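So the chains spell out like this:
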Amino acid sequence: MKEEKFAFGYMRMDNVHDDHEVNNKLKQIKDHCDIHKIELPMIFAENKHVSNNFTGNAWKDLEMTLAHAEGRVQSIIVSDRDNLTRDMSLYLLKEKELKDKYGVTIDVADGKSLKIDHSKGISMN
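We now turn to the structure provided with this report. Please read these numbers as outputs of a predicted model, since none were measured by experiment.

Cut-off values and rules
- Residues numbered from 1 in each chain as written.
- Predicted model: local features only at pLDDT ≥ 70, side-chain atom pairs only at ≥ 80, totals over all residues.
- Heavy atoms only, no water.
- Buried < 20%, exposed > 50% of the residue type's maximum accessible area, 1.4 Å probe, protein only.
- Helix = DSSP H or I, 4+ residues; strand = E, 2+ residues; numbered from the N terminus.
- Right-handed = clockwise from strand over helix to strand, strands pointing away.
- Pairing = 2+ DSSP bridges.
- Salt bridge = Lys/Arg side-chain N within 4 Å of Asp/Glu carboxyl O.
- Core = buried A, V, L, I, M, F, W, Y, C linked by side-chain atoms within 4.5 Å.
- Axes fitted to C-alpha atoms, helices over the stretch in contact; angles between N-to-C directions.
- Contact = heavy atoms within 4.5 Å.
- Phe/Tyr/Trp six-rings, centres within 6.5 Å; stacked < 30°, edge-to-face > 60°.

**Here we look at the pairing of strand β1 (residues 5-13)**
The buried fraction of β1 is high, at seven of nine residues. With respect to chirality, the unit in which β1 leads through helix α1 (residues 19-36) into the neighbouring parallel strand β2 (residues 38-47) is right-handed. Across four bridges, the pairing between β1 and strand β3 (residues 75-78) is parallel. By the bridge assignment for β3, Phe8 is matched with Ile76.

**Some points on the environment of Ala7**
For Ala7, the location among the structural elements is in strand β1. Classification of Ala7 by relative accessible area gives buried; the value is 0%. Measuring from C-alpha to C-alpha, the distance between Ala7 and Ser75 comes to 4.8 Å, with 68 residues separating the pair along the chain.

**Let's talk about the pattern of salt bridges**
Taken as a whole, this structure holds six salt bridges when the rule is applied. Among the ionic pairs, Asp14 bridges to Lys48, the shortest N-O distance being 3.5 Å. A residue pair is termed long-range when its members are at least 10 positions apart, and Asp14 in the loop between β1 and α1 and Lys48 in the loop between β2 and α2 (57-68) qualify at 34 residues. Look at Asp14 and you get exposed, because its relative accessible area is 51%. Shared partners join several salt bridges into a network, and the residues in it are Glu63, Lys94 and Glu97.

**Details of the nonpolar core**
In this structure, Tyr10, Leu66, Ile76 and Leu84 are the most contacted members of the largest nonpolar core, which totals 19 residues. Listing elements by their share of this core, those giving two or more residues are β1, α2, β3, α4 (88-102) and β4 (105-108). Listed in part, the nine residues of the second largest apolar core include Ala7, Met13, Ile29 and Ile38.

**Brief notes about the sheet that holds β2**
Strand pairing in a sheet relies on backbone hydrogen bonds. The paired strands run either parallel or antiparallel. Read from one edge to the other, the open sheet built from four strands follows the order β2-β1-β3-β4, with strand pairing classed as parallel. The open sheet has two free edges, formed respectively by β2 and β4, since each of these has just one partner strand. Pairs of neighbouring strands in the sheet enclose a mean axial angle of 30°, with direction left out of account. Relative to β2, β1 is paired through eight bridges, and the arrangement is parallel. When the bridges of β2 are listed, Tyr10 appears paired with Phe44. On the sheet, α1 packs against β1, β2, β3 and β4 and is oriented at approximately 160° with respect to β1. Each of β3 and β4 is contacted by α4, which is oriented at about 125° to β4, the strand it contacts most.

**Some points on the packing of aromatic side chains**
Applying the stated criterion across every chain yields a total of three aromatic pairs. An angle of 85° between the planes, with centres 4.9 Å apart, marks the rings of Tyr10 and Trp59 as edge-to-face. Taken together, the positions of Tyr10 in strand β1 and Trp59 in helix α2 put the pair 49 residues apart, joining distant regions of the chain. Exposure remark for Tyr10: the relative accessible area of 2% places this residue in the buried category. Clustering of aromatic rings is evident, with ring pairs tying together Tyr10, Phe54 and Trp59.

Here it is as structure tokens:
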């Protein structure tokens, strides 16, 4: 029996009320989940101008929900890392914290593979 994989989605965008922008990012995340056979029970979204580098209310809600997920969620799927944060060191610290605290990784659904080994740095495939 194959174990199911679960992830939460997170979208940070210019305007959460812009259907075109929301649908594009949502499709990107859902396509990623379909390809990798990941169940996506929840998606969190917020505007860039009210959130900064993992401090917005939707991100806080996501982390609080992870704490209650009891290890059933393996990753957070984001549409692209640049909309998450442009500060790579902050990104690496947050990903390490999520891995240590909840056993969760950040997966980028931008059609590229970003693999991070915290002891060796970053490699793009």
